[in-house]
Amino acid sequence: MQPEDVVRERIRGVLAVAGIEKLVAAYFAPDGPFAGETFDLLGENPPDRITHDDLLATTLLDISWRPRAVRILHERGDEVRTLLDALPTGVDLWQAGAAVLKAATVLHEWLDGLPGVGPVIAAKLLARKRPRLVPIHDEVVLRALAPPPNQFWVTLGGALRDPALRDEIESLRPDGVASPSVLRLLDVAIWMLHGGSGNAKDARSAAGITANDLGTEA
C-alpha cells in the first residue's frame, strides 16, 4: 500500500467515528471555547503580507510569538512579500505542482527559522495565509495520519486527490460555516478527536465519544 493510501484510510477512520460531525460543529460554535471561524476571518488577511491580525489569529491555536520574531517579520516585510507572492492563492494542496510546493517549503522553512517559531507555528501561520494549500501539522495530526517523515504535504495531497474523500470531509461542514477550507475541516476533525486539551475532551464527552471509540486513551 502506498503512503497516500495509508493516509487516505486513516482519514476515513477519523470520518467514520460516530459523532465526529458533532465535534466539528462544536469547534465552530460561535459561543464555544475554540478558535472556530475567527482563525480565518479575524481582521485583515491580505495575500501578500503578514499583518498583526494574522499573528493574533494564530494565537487562537494555542501558540505565542516571541518579540524578536515579530520584529523580524516587520523589519523584513519586503522579503516576506516576495516569498508570499510566489504562492498562488487559488490552488488546493492536491492540485499543487512541484514548483508551488517548493515555494511553500521555502517560506515554511524561512518562518521555521525565526526565533521561537519552529515548524508547527510556521504551518499555522501559512494555513492562515494559504488555507487551501498549506495544512496545519502538529504532533496530534502526524500521529493520527502517520505520513512518511518529511513528506506530509505530498502524501496528504496525494490522498486528497480522491474527490469522494474530499466530499466526505466537506460533509462535516456545519450549516452557515463557509470560511474553513477542506484542509482546515480535516485538521479540526482530527484535533477534536485526538487532542488532549480539556475543552476537546469535554466536547468528545458531550458528543458521546469515549476512549473505546478511539482505541486509545481519550
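Up top you'll find the structure we're talking about.
The text that follows walks through the structure, step by step, so that each part is easy to find.

The rules we used
Residues numbered from 1 in each chain as written. Predicted model: local features only at pLDDT ≥ 70, side-chain atom pairs only at ≥ 80, totals over all residues. Heavy atoms only, no water. Helix = DSSP H or I, 4+ residues; strand = E, 2+ residues; numbered from the N terminus. Rg over C-alpha atoms; globule rule 2.2 N^0.38 Å. Buried < 20%, exposed > 50% of the residue type's maximum accessible area, 1.4 Å probe, protein only. Areas by Shrake-Rupley, 256 points an atom, 1.4 Å probe, with all protein chains shown as cover. Polar contact = N/O pair within 3.5 Å; in protein donor to acceptor, adjacent residues only side chain to side chain. Contact = heavy atoms within 4.5 Å. Core = buried A, V, L, I, M, F, W, Y, C linked by side-chain atoms within 4.5 Å. Salt bridge = Lys/Arg side-chain N within 4 Å of Asp/Glu carboxyl O. Phe/Tyr/Trp six-rings, centres within 6.5 Å; stacked < 30°, edge-to-face > 60°.

**Notes on the overall build of the protein chain**
For step 1, the next point in the chain: Looking only at helices and strands, the protein chain features 14 helices and 0 strands.
For step 2, the next point in the chain: For a compact globule of 218 residues, the expected C-alpha radius of gyration is about 17 Å, and the protein chain comes in at 17 Å, within 12% of that figure.
For step 3, the next point in the chain: Its C-alpha atoms give the protein chain principal-axis dimensions of about 50 × 40 × 30 Å.
For step 4, the next point in the chain: Taking all 218 residues of the protein chain together, 48% fall into the buried category.
For step 5, the next point in the chain: Entry remark: accessible area of the protein chain is about 10400 Å², with carbon and sulfur atoms responsible for 51%.

**Observations regarding the side chain of Lys129**
For step 1, the next point in the chain: Turning to its location among the elements, Lys129 is positioned in helix H8 (residues 118–129).
For step 2, the next point in the chain: The class of Lys129 is buried, set by a relative accessible area of 6%.
For step 3, the next point in the chain: Within the structure, Lys129 has its side chain in polar contact with the backbone oxygen of Arg49 (distance 2.8 Å).
For step 4, the next point in the chain: Every residue in contact with Lys129, bar those within four places of it in the chain, is listed here: Asn45, Pro46, Arg49, Ile50, Asp54 and Leu84.

**Overview of the nonpolar core**
For step 1, the next point in the chain: Residues Ile11, Trp65, Leu111, Leu156 and Ile169 are the most contacted members of the largest nonpolar core, which totals 73 residues.
For step 2, the next point in the chain: Sequence-distant contacts of Leu111, defined by excluding residues within four places in its chain, comprise Ile50, Leu73, Val117, Ala122, Leu125 and Leu126.

**With respect to the side chain of Arg184**
For step 1, the next point in the chain: Of note, Arg184 is situated in helix H12 (residues 182–194).
For step 2, the next point in the chain: Setting aside residues no more than four positions away along its own chain, Arg184 makes contact with Tyr27, Ala35, Phe39, Leu61 and Ile136.

**Digging into the pattern of salt bridges**
For step 1, the next point in the chain: If you walk through the whole model with that rule in mind, you get 12 salt bridges.
For step 2, the next point in the chain: We note a salt bridge from Arg8 to Asp162, for which the minimum N-O separation is 4.0 Å. Separated by 154 residues along the polypeptide, Arg8 in helix H1 (residues 3–15) and Asp162 in the loop between helix H10 (152–159) and helix H11 (163–170) bring together distant segments of the chain.
For step 3, the next point in the chain: Its relative accessible area of 14% is what places Arg8 among the buried residues.
For step 4, the next point in the chain: Two residues, Arg68 and Glu75, come together in a salt bridge whose shortest N-O distance is 3.5 Å.
For step 5, the next point in the chain: When salt bridges that share partners are traced, they join Asp5, Arg8, Arg12, Asp162 and Glu168 into one network.

**A word on the packing of aromatic side chains**
The description of an aromatic ring pair uses the distance of the two centres, along with the angle that the planes make with each other.
For step 1, the next point in the chain: All chains considered together, the criterion is met by 3 aromatic pairs.
For step 2, the next point in the chain: Ring centres of Tyr27 and Phe28 lie 5.1 Å apart, and the angle between their planes is 75 degrees; this geometry places the pair in the edge-to-face category.
For step 3, the next point in the chain: Ring centres of Phe34 and Trp191 lie 6.1 Å apart, and the angle between their planes is 80 degrees; on these two criteria the pair is classed as edge-to-face. Of the two residues, Phe34 sits in the loop between helix H2 (20–27) and helix H3 (38–41) while Trp191 sits in helix H12, which places them 157 residues apart along the sequence.
For step 4, the next point in the chain: The exposure class of Phe34 is buried, given its relative accessible area of 13%.
For step 5, the next point in the chain: A connected cluster of aromatic rings, assembled from ring pairs, spans Tyr27, Phe28, Phe34 and Trp191.

As far as function goes, none of this settles anything; it's purely spatial.
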